[in-house]
Protein chains: 2
Amino acid sequence: MSIEPQKPNTILVGKKPTINYVMAALKLLNEEGAPEVVIKARGRNICNAVDTVEMLKNLFIKNLVIKSVNIYSENLDTEGKKKVSAIEIVVAKG
Amino acid sequence: MSIEPQKPNTILVGKKPTINYVMAALKLLNEEGAPEVVIKARGRNICNAVDTVEMLKNLFIKNLVIKSVNIYSENLDTEGKKKVSAIEIVVAKG
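Below or above, wherever it landed, is the structure these notes cover. Quick caveat, the model's predicted, so the values are computed rather than measured.

1. Brief notes about the sheet that holds strand 2 (residues 37–42) of chain B
Then step 1. With mixed pairing, the four strands of this open sheet are ordered in space as 1-2-4-3 (chain B). The open sheet terminates on both sides in strands that have one partner only, identified here as strand 1 (10–12) and strand 3 (64–75) of chain B. When the angles between neighbouring strand axes are averaged without regard to direction, this sheet yields 20°.
Then step 2. Pairing of strand 3 of chain B with strand 4 (residues 83–93) of chain B, which is carried by eleven bridges, proceeds in the antiparallel orientation. Considered in strand 4 of chain B, the bridge of Val65(B) is made with Ala92(B).
Then step 3. Most of the contacts of helix 2 (residues 46–60) of chain A go to strand 3 of chain B, to which it runs at about 50°, and overall it touches strand 3 and strand 4 of chain B.
Then step 4. Across the sheet, helix 1 (residues 18–31) of chain B touches strand 1, strand 2, strand 3 and strand 4 of chain B, and the angle it forms with strand 1 of chain B is around 175°.

This is the structure we're talking about:
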């Protein structure tokens, strides 16, 4: 089961088990030689995105570098009244 | 109902409604003149912490500055086998 990256090297974390996204990140970093991977999530999935990075670091890539962590709001409607929180975490191998 | 800050100027976000933590942050920043506030959360509450900062910025303090966002793991047991993800967001008035 592969997680289709949104933009190249971007993984949009949803409700699937964390390990699915960890494997997708490992594939990009190890097999496809991506210089960095963007782990992105919205709303309730933000916790799963942080878990993905921490599991990746704790269990698989000890020298994983967290290059940046950005939090922001995305508009859910055209008037910009309804917003959802989002996170983008950029990681790379140390 | 007041949210007792953990260390001075630190708000540990739990399962209460987001607005409770937004009000606690506003109190620290406006009434108590805190130079910066640390919004902290663990596990499933990480989403609520990000929502707190985004609501604070979108609805109350338009020039809120997000000074840093750190994600890390905390040990849940003495052997360090069981870990939980955590986030610390430092905000200040622009």
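2. Quick look at the state of the cysteines
Then step 1. For the structure on display, the rule yields one disulfide over all chains.
Then step 2. Paired through a disulfide, Cys47(A) and Cys47(B) show a sulfur-sulfur distance of 2.1 Å. In this pair, Cys47(A) is assigned in helix 2 and Cys47(B) in helix 2 (residues 46–60), connecting two distinct chains. Take Cys47(A) and Cys47(B): they sit in the same class, and that class is buried.

Conventions adopted
Residues numbered from 1 in each chain as written. Chains lettered and ligands numbered in written order. Predicted model: local features only at pLDDT ≥ 70, side-chain atom pairs only at ≥ 80, totals over all residues. Heavy atoms only, no water. Pairing = 2+ DSSP bridges. Helix = DSSP H or I, 4+ residues; strand = E, 2+ residues; numbered from the N terminus. Axes fitted to C-alpha atoms, helices over the stretch in contact; angles between N-to-C directions. Contact = heavy atoms within 4.5 Å. Disulfide = S-S within 2.5 Å. Buried < 20%, exposed > 50% of the residue type's maximum accessible area, 1.4 Å probe, protein only.

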